[in-house]
Amino acid sequence: MTLEWPIGKLQKGQYISVEAGSRALLLHNKNYVLLRRFSSKDDKNRLIAAPFFSDFTSSEFIGVENKVNYIYRPKGRLERNEVAGLCALLNSSLFDAYFRIFNAQRERKRYGTARDADAPIETIREIGDAILLSNHFSAEQSNHIVREYLEYAKAHG
């Protein structure tokens, strides 16, 4: 649930110059869910998501490494609570178990994961609000909030 940039690896480039030749590599600076592609089997979770909020940088464009997928709203903008809620859901142990069951050994194609979550957008927003209000982005806190909201939604839905 955190984004670290720039990173200390000096052998890796940290910036992309905004010019005609690099424009195809860049995204407009808006809110995104950054989703690292499959981690090694030694990692605890198969999915690792982090929020990117447009106020992280003042640049008009951002570059995302090719090992990172991103979730966005094609005709609009994800709100902060939607980004935080999706990240919490994607990082949760419940979603990790779901993902492992249905995607055991196959490599995941593009962005089906957000659709597979099957949580109503209002629940995702409420999870995001709770995460943002807590100002505590640990895996334990995210898991607690996701379980609380999904169990409540299931009981009252």
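Before going into details, it helps to say that this report is about the structure given with it. Remember, predicted model here, so these are calculated numbers, not experimental data. (Residues numbered from 1 in each chain as written. Predicted model: local features only at pLDDT ≥ 70, side-chain atom pairs only at ≥ 80, totals over all residues. Heavy atoms only, no water.)

**Regarding the sheet that holds strand β5 (residues 68-71)**
Then step 1. With antiparallel pairing, 3 strands are arranged side by side in an open sheet as β3-β2-β5. The outermost strands of the open sheet, each flanked by one partner alone, are β3 (48-52) and β5. Taking each pair of neighbouring strands and ignoring which way they run, the sheet shows an average axis angle of 30 degrees. (Pairing = 2+ DSSP bridges. Helix = DSSP H or I, 4+ residues; strand = E, 2+ residues; numbered from the N terminus. Axes fitted to C-alpha atoms, helices over the stretch in contact; angles between N-to-C directions.)

**Overview of the packing of aromatic side chains**
Then step 1. Counting across every chain of the model gives 5 aromatic pairs.
Then step 2. For the ring pair Y32 and F52, a centre distance of 6.4 Å and an interplane angle of 45 degrees mean the geometry is tilted. Highlighted residues: Y32 in strand β2 (residues 32-36) and F52 in strand β3, separated in sequence by 20 residues. The two residues Y32 and F52 agree in class, both being buried.
Then step 3. Measuring from centroid to centroid gives 5.6 Å for Y32 and Y70, while their planes differ by 90 degrees, and the two rings are edge-to-face. Of this pair, Y32 sits in strand β2 while Y70 is found in strand β5, placing the two residues 38 residues apart along the sequence. (Phe/Tyr/Trp six-rings, centres within 6.5 Å; stacked < 30°, edge-to-face > 60°. Buried < 20%, exposed > 50% of the residue type's maximum accessible area, 1.4 Å probe, protein only.)

**Quick notes on the nonpolar core**
Then step 1. Residues V33, L90 and I131 are the most contacted members of the largest nonpolar core, which totals 24 residues.
Then step 2. Counting only elements with at least two residues in this core, the list comes to β2, α1 (80-91), α2 (93-102), α4 (121-134) and α5 (139-156).
Then step 3. In terms of residue count, the dominant contributor to this core is α1 (7 residues).
Then step 4. Every residue in contact with I131, bar those within four places of it in the chain, is listed here: M1, A84, A88, H136, F137, S142 and I145.
Then step 5. Counting residues in each nonpolar core, the second largest holds 5 residues, with L27, Y32, L34 and I62 among its members. (Core = buried A, V, L, I, M, F, W, Y, C linked by side-chain atoms within 4.5 Å. Contact = heavy atoms within 4.5 Å.)

**Things to note about α5**
Each turn of an α-helix holds 3.6 residues, which means side chains three or four residues apart point in the same direction.
Then step 1. In a regular helix each residue adds 1.5 Å, so 18 residues correspond to 26 Å; α5 covers 25 Å between its end C-alpha atoms and thus fits that length.
Then step 2. Every buried residue of α5 is accounted for by S142, N143, I145 and V146.
Then step 3. Those residues of α5 hidden inside the fold are in contact with α1, α2 and α4. (Expected span 1.5 Å × (residues − 1).)

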